[in-house]
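Architecture at a glance
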Amino acid sequence: MDIDTIAAISTPMGEGAIGIVRISGEDAVAAADKLYKGPRRLEEVDTHTINYGHIQDPDTEETIEEAMVSVLRAPKTYTKEDIIEINCHGGLTSVNRVLQLVLRHGVRLAEPGEFTKRAFLNGRIDLSQAEAVMDLIRAKTDRAMNVAMNQVEGKLSTRIQSLRQKLLETVASVEVNIDYPEYDAEEMTLDMIREKGSEVRDAVDQLLMTAHQGKILREGLSTVIMGRPNVGKSSLLNSLVHENKAIVTDVPGTTRDVVEEYVNVRGVPLRLLDTAGIRETEDIVERLGVERSRKVVKDAELALLVLNYNEVLTEADEELFKLIRDQDSIIIINKTDLEARISLDRVRELANGNPVISTSLLKDEGVDELEEAIRSLFFAGDMDGGDMSYVSNSRHIALLEQAKRSVEEALDAAENGMPIDMVQIDITRAWEVLGEVIGDSVQESLIDQLFSQFCLGK
Ligand code: GDP
Ligand code: ZN
């Protein structure tokens, strides 16, 4: 067991002027005490106190920083170990100097996510909560933040636990049946499997239904803007980016410099693909070629197709409609300030039930309607609830799908009069798989892999 003491810079979100060096482990207090000059020694102060003092290099007696030092003794801490937090005020360089000093006094640099990993390993949080911390760090919109917060507070865990309980009751009933075949419980057990099994299946289904929304909240709704040259793609991009705060990212590992921009449209994080293409060469098809643009469009979850109100539909427009045929899309007829030349009837026909919005991006008209269309496409029906607990993690989704399959197999087996211990295998499997969501039965390697994705200092 590596129960050595670890440290890292743990700057609060939003990156303020204060930097925090966080130390966790058995020697945390002793190590910090060597570097701390204050009215009392840290070894002597009460737990959960903040202590004003100076950080001093014991070798040179040079004062490095004025600091507030929190002393948090186990077990009521994030990692369930002793924790020291040195709050420095002097910006990044002095925080770094304090960290270097700490690392020269018997403390090792933490791996990414190691604090949270310890919290998990010491039973402070379960796996889905640990993953939620990671999501929090990456949360792109307020709504995504709420989802992650709910998960940190254990909403998903609570739900999963109650489903597992139901399965366990069923298994217990099956056990009775196997152990006492003379006690005629077979019918009862089958009824129970049908009842509890369908309850669990429906509940898992519901969780999976939130998964699509959850994934989008976490990763953004991948969106392409398409249209012939000059119809107003750049104007649309600028208008979306202008009204909503955008974050530009390069997509690593792509052959070309595909650039993405995130914009938050009424709570829906759009991940606008290939915005470089729109900004520079004006035409995704021209830029990437027909085959690749087909693939980009296919991979996208939403296509925004821009047309020109002032021109008759061309062959190229009709081709673009074909490209997005199987896609969620919104058709934007732009330049309504100019004379009508487009055939609206034909556009409606080609739109095939997808929303058609008229805009004059020049005059800033129709943008509200467009944003509303995006919002209602995403938050269809009752998915708007602010405190919905979405499943927003692909590992959880895969496990929930497995659990659902196992429960369905159990239900099938029960229906088809299979021996009851066969049914039990499927139920047990579902119970195990659900356990993996909250980290009850995961292997060490998976844990390592998960936690290495964390930012340093968390
Ligand atoms: P893109 O080639 O599809 O990216 O189109 P742009 O956004 O670059 O726009 C092409 C031209 O159309 C520019 O001169 C814009 O100012 C103009 N334009 C964009 N939207 C409108 C509009 O709603 N009405 C009018 N009259 N012109 C527009
Ligand atoms: Zn343009």
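Please read these numbers as outputs of a predicted model, since none were measured by experiment.

Rules of the game
- The residue numbering used here restarts from 1 in each chain and proceeds along that chain's sequence as written.
- Note on labels: chains are lettered from A, ligands numbered from 1, in written order.
- Predicted model: local features are reported for residues with pLDDT of at least 70 only, side-chain atom pairs are reported and counted for 80 or more only, and whole-chain, interface and lining totals are derived from all residues.
- Using a C-beta atom placed from the backbone, a residue is scored as near a molecule or strand whenever that atom is within 6 Å of it.
- Classes in brief: Ala, Val, Leu, Ile, Met, Phe, Trp, Tyr, Cys and Pro nonpolar; Asp, Glu, Lys and Arg charged; the others, Gly included, polar.
- For every residue, the predictor reports its confidence as pLDDT, a number between 0 and 100.
- Strands here mean DSSP runs of E at least two residues long; helices mean DSSP runs of H or I at least four residues long; both are numbered from the N terminus.
- By definition, residue pairs are in contact when their C-beta atoms, positioned from the backbone, come within 7 Å.
- UniProt positions are given in the numbering used here, feature names are shortened, and annotations may be inferred rather than shown by experiment.
- Field definition: a residue is buried when 20 or more other C-beta atoms are found within 10 Å of its C-beta, exposed when 12 or fewer are, and partly exposed for counts in between, with C-beta atoms placed from the backbone.
- Strand pairing follows a simple DSSP-based rule, namely that at least 2 bridges must link the two strands.
- Axis definition: a line fitted to C-alpha atoms, over the contacting stretch in the case of helices. Angles run 0 to 180 degrees between N-to-C directions.
- By this rule the span expected of a helix is its residue count minus one, scaled by 1.5 Å.

1. Quick notes on the site of ligand 1
In the vicinity of ligand 1 there are 16 residues, among which Gly232, Lys233, Ser234, Ser235 and Leu362 approach most closely. Grouping the constituent residues of the shell around ligand 1 by class yields five nonpolar, seven polar and four charged.

2. Brief notes about the confidence of the model for the protein chain
Overall, the predicted model of the protein chain reaches an average pLDDT of 80, with 74% of residues at or above 70. By mean pLDDT, the top-scoring element of the protein chain is strand β14 (residues 356-359) (97), and the lowest-scoring one is strand β9 (residues 246-250) (47). Contacts for the low-pLDDT stretch residues 245-257, under 50 throughout, to residues beyond four places or in other chains number 15 contacts. This model gives residues 381-387 a pLDDT under 50, and the stretch forms six contacts once residues within four places in sequence are excluded. Scored by ipTM, the complex comes to 0.98, with pTM at 0.53.

3. Digging into the UniProt feature "binding site: Mg(2+)" (unreviewed entry) in the protein chain
If you check UniProt for "binding site: Mg(2+)" (unreviewed entry), the listed places come out as Ser234 and Thr255 in our numbering. Among the structural elements, Ser234 can be located in helix α8 (residues 233-243).

4. Some details on the environment of Ile332
With respect to the helices and strands, Ile332 occurs in strand β13 (residues 329-334). Among the residues examined, Ile332 registers 28 C-beta atoms within 10 Å and is labelled buried. As a C-alpha pair, Ile332 and Leu305 span 27 residues in sequence and 5.9 Å in three-dimensional space. Leave out the neighbours within four places in its chain, and Ile332 touches Leu236, Leu304, Leu305, Val306, Leu307, Ile357, Thr359 and Leu370.

5. Digging into the sheet that holds strand β7 (residues 108-109)
Each strand in a sheet pairs with another by means of backbone hydrogen bonds, the pair being arranged parallel or else antiparallel. Taken in spatial order, the seven strands make up an open sheet running β3-β4-β5-β6-β2-β1-β7, and their pairing is mixed. Both edges of this open sheet fall to β3 (36-37) and β7, since each of them pairs with a single strand only. Inspection of the sheet shows strand β5 (residues 63-72) paired to strand β6 (residues 83-88) by six bridges, in the antiparallel sense. Looking at β6, one finds that Val71 is bridged to Ile84. Against the sheet, helix α1 (residues 28-35) touches β2 (19-24), β3, β4 (49-56), β5 and β6, its axis set at about 35° to β6.

6. So, helix α14 (residues 394-415)
The end-to-end C-alpha distance of α14, which contains 22 residues, comes to 31 Å, matching closely the 32 Å that a straight helix rising 1.5 Å per residue would cover. Of all the residues in α14, the buried ones are His396, Leu399, Leu400, Ala403, Lys404, Ser406, Val407, Ala410, Ala413 and Ala414. The positive-phi residue at the C-terminal boundary of α14 is Gly417, with phi of around 65°.

7. Some thoughts on the environment of Val95
Structurally, the position occupied by Val95 is in helix α2 (residues 91-103). Taking the C-alpha atoms as reference points, Val95 and Val21, 74 residues apart in sequence, are found 6.9 Å from one another. Beyond its immediate chain neighbours, meaning those up to four positions away, Val95 contacts Ile9, Gly19, Val21 and Cys88.

8. Looking at helix α3 (residues 114-121)
In terms of burial, α3 is largely enclosed, as seven of its eight residues are buried. Two residues or fewer past α3, Gly123 is found with a positive phi of approximately 80°.

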